[in-house]
Amino acid sequence: THTHHCAMMEEADKAGGADASAAAAKPVDPKGIRVNIADALNEQDLVKFTVHTQTELERFSKKDFQVTRLHEEFVWLFERFTENEQMAGYVIPPPPPKPDFSASHSKLTKLQYGDAHTPKEELDKLKSEIQSEYLAAFQKTVAMHEVFLIRLTSHPVLREDQNLQVFLEYDQDLSYKTKTKKDKALGWLTGVAKSMDSSLQKHVDEDEFFEGQKSFIFHYLRMIKDAQSASECKVKSRDSLVTCMGKVGVTMVHLANTQHAAHVMSEMMRTTGQVHTPAAQHQMKLAAKEDLKMSDLLKYYRADSEAAKDLMSRRVKAMSMMRHTDAALAQAKLKSKKVLEAQDAATAAKDRYESITKTAKDELKVYKKRRIAAFRKGLIQYTQCQIRQSREMYGLMKTTLSELKQMQAPQAAA
């Protein structure tokens, strides 16, 4: 059965990669890079992504190529951007979350060990659930990793980074270092320190644009956190509804089977119980779509808003450094000591602040347009899914009611 279940997972992989393959068929911008994740293979605890790139840029050795990358290599690429001082004036796209197929794996284990004594109907139902959950998790994983690369390759400055070219083109494993416990602890402490840093929040900016952006970001982060929690609760509630519908359906069918086979009430209960299975599948699809188009969208733009906040924090720190070097230059002139060094430091700090300010203003404007467009697209797709699922549920209920009425007809005639 293991081979059969692996084949089932591969079938879901192919279904999830169909959209990516279609996207790759579009013409390539002569000055740009088109990237997509053509496939993803789940091997135990590792997920291998096939990154497909098309470009007309001469700095690449080929026009069409692909490499295999692990999730950790995506994180490596993100860290290279955040550590690069030349990128301080840009919103660095948030890294994709680590792939998680734990729910599908636990159900697959149950399916493998239950072959001998589990009824065929329940096995088929469990197989369908695993396929749906795995496909949803697969699509989510591919989408998050693909969006990260698309954000980088579509940016006029970020796409010129040499590390990005190495990530896309180098067909061997990247020499990333696995983090030790000490590295993880330092990363955690850095994250805590950053979360406690109130320099941006306390800063009153003379520039009305940046002051307005700061107020908006802090308010938006509070609101989107609440919205994300509410969306996740809604998905969990719908998942609970799916479980309850399955249990009610099985119970009604079992109860109907305890009665006389020719009894009209038994047939009605059996039909009503059986319809719970496709009805639950409709709800399961809707829950997956809610998770992908709403919860994940909110989660992503919460992370993207944090990235925008980090950009504004870097600008404030650059301003603070500029003022500090100006004060040091004034002291150096008074003492007539190391004036040239102080002058160079002050000039460098001023240039860095002005550079970050110039690019940050454009970046924050693009961030706003991107956010609005993404939520508009996500809401439209989610609404279309709701309408489609409602129509399917209406058709299912209409067919079931028609069958129930036909069962009543002979009794009414008698």
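Residues numbered from 1 in each chain as written. Predicted model: local features only at pLDDT ≥ 70, side-chain atom pairs only at ≥ 80, totals over all residues. Heavy atoms only, no water.

Helices and strands together make up the secondary structure of the chain, namely ten helices and three strands. In the chain, the succession of α and β elements from N to C terminus is α-β-β-β-α-α-α-α-α-α-α-α-α. Buried residues in the chain amount to 40% of all 414 residues. Of the contacts made within the chain by residues no fewer than 6 positions apart, 73% connect residues no fewer than 24 positions apart. Accessible surface for the chain amounts to roughly 24700 Å². Of this, 57% is attributable to carbon and sulfur atoms. (Helix = DSSP H or I, 4+ residues; strand = E, 2+ residues; numbered from the N terminus. Buried < 20%, exposed > 50% of the residue type's maximum accessible area, 1.4 Å probe, protein only. Contact = heavy atoms within 4.5 Å. Areas by Shrake-Rupley, 256 points an atom, 1.4 Å probe, with all protein chains shown as cover.)

Counting residues in each nonpolar core, the largest one holds 32 residues, and the members touching the most others are Val51, Phe74, Leu77, Phe81, Leu149, Phe167 and Leu168. Going through the elements one at a time, β1 (33–43), β2 (46–55), β3 (64–70), α2 (71–83), α4 (120–154) and α5 (162–169) are the ones with two or more residues in this core. Top contributing element to this core by residue count: α4, with seven residues. With residues up to four places along the chain from it excluded, the contact list for leucine 149 reads Val35, Val51, Phe74, Leu77 and Phe167. (Core = buried A, V, L, I, M, F, W, Y, C linked by side-chain atoms within 4.5 Å.)

Using the criterion set out here, one finds 16 salt bridges in the structure. Residue glutamate 73 pairs with arginine 69 through a salt bridge whose shortest N-O separation is 3.8 Å. Judged by relative accessible area, glutamate 73 falls into the buried class, the value being 1%. Salt-bridge contacts for aspartate 291 lead to lysine 140; the nearest nitrogen and oxygen are separated by 2.7 Å. Here aspartate 291, found in helix α9 (residues 264–335), pairs with lysine 140, found in helix α4; they are 151 residues apart in sequence, far enough to count as distant. Salt bridges sharing common partners tie together Lys140, Asp291 and Asp296. (Salt bridge = Lys/Arg side-chain N within 4 Å of Asp/Glu carboxyl O.)

Enumeration according to the criterion identifies eight aromatic pairs in this entry. With centroids separated by 5.2 Å and ring planes inclined at 25°, the aromatic side chains of phenylalanine 216 and tyrosine 220 adopt a geometry described as stacked. One end of the pair, phenylalanine 216, and the other, tyrosine 220, are both in helix α8 (residues 208–257), four residues apart, so they sit about a helical turn from each other. Measuring from centroid to centroid gives 5.2 Å for tyrosine 300 and tyrosine 301, while their planes differ by 80°, and the two rings are edge-to-face. Pair check on accessibility: tyrosine 300 and tyrosine 301 agree, each one buried. Put simply, the rings of Phe49, Phe74, Phe148 and Phe167 touch in pairs and so form one group of aromatic residues. Its end group placed over the ring of phenylalanine 209, lysine 365 keeps NZ or CZ at 5.9 Å from the ring centre. Positioned above the aromatic ring of tyrosine 367 is the side chain of arginine 371, whose terminal nitrogen or guanidinium carbon lies 4.8 Å from the ring centre. (Phe/Tyr/Trp six-rings, centres within 6.5 Å; stacked < 30°, edge-to-face > 60°. Lys NZ or Arg CZ within 6 Å of the ring centre and 35° of its normal.)

With respect to the secondary-structure elements, valine 47 resides in strand β2. Residue classification places valine 47 among the buried positions, given a relative accessible area of 8%. On a C-alpha basis, the gap between valine 47 and phenylalanine 101 in space is 9.8 Å, while along the polypeptide they are 54 residues apart.

This part covers unusual backbone geometry. Despite not being glycine, serine 336 has its phi angle at roughly 55°, a positive value. Note that serine 336 resides in the loop between α9 and α10 (339–413). We classify serine 336 as exposed; its relative accessible area is 58%. With a phi close to 50°, lysine 338 is a non-glycine residue in the positive phi region. Positionally, lysine 338 belongs in the loop between α9 and α10. Overall, the relative accessible area of 64% leaves lysine 338 in the exposed class.

Now for the packing of α2 against α5. Where α2 meets α5, the axes come as close as 9 Å, and the angle between the chain directions of the two elements is 165°. Classed by the angle they form, the pair α2 and α5 counts as roughly antiparallel. Judged by the twist between their axes, the crossing of α2 over α5 is left-handed. Along its contact with α2, which presents Glu73, Phe74, Trp76, Leu77, Arg80 and Phe81, the element α5 presents Asn163, Leu164 and Phe167. (Axes fitted to C-alpha atoms, helices over the stretch in contact; angles between N-to-C directions. Parallel < 35°, antiparallel > 145°, perpendicular 65-115°, else oblique. Left-handed = near helix turned anticlockwise from the far one by under 90°.)

Further remarks concern the confidence of the model for the chain. Residues with a pLDDT of 70 or more make up 81% of the chain, whose mean pLDDT is 82. Low confidence marks residues 1–25, where pLDDT is under 50. Its contacts with residues over four positions away, or in another chain, come to 37 contacts. (pLDDT = per-residue confidence, 0-100.)

Here we take up α2. The end-to-end C-alpha separation of α2 is 19 Å, in line with the 18 Å expected for 13 residues at 1.5 Å each. Looking at α2, one finds that the buried residues are His71, Glu73, Phe74, Trp76, Leu77, Phe78, Glu79, Arg80 and Phe81. (Expected span 1.5 Å × (residues − 1).)

Further remarks concern the sheet that holds β3. Pairing between the strands of a sheet comes from backbone hydrogen bonds, and it takes one of two forms, parallel or antiparallel. A sheet is described by the order of its strands in space; here three strands give the open sequence β1-β2-β3, paired in antiparallel fashion. Each edge of the open sheet carries a strand with a single partner, namely β1 and β3. For this sheet, the mean angle separating the axes of adjacent strands, direction not counted, is 20°. Its contacts with the sheet place α2 against β1, β2 and β3, and it is angled at close to 100° to β3. α5 contacts β1, β2 and β3 of the sheet and is inclined by roughly 95° relative to β3. (Pairing = 2+ DSSP bridges.)

At a minimum axis separation of 7 Å, α8 and α9 run at an interaxial angle of 165°. Between α8 and α9, the interaxial angle falls into the category roughly antiparallel. As α8 packs across α9, the resulting crossing turns out to be left-handed. Residues that form the contact of α8 with α9 fall into these classes: 27 nonpolar, 13 polar and 14 charged. (Nonpolar A, V, L, I, M, F, W, Y, C, P; charged D, E, K, R; others polar.)

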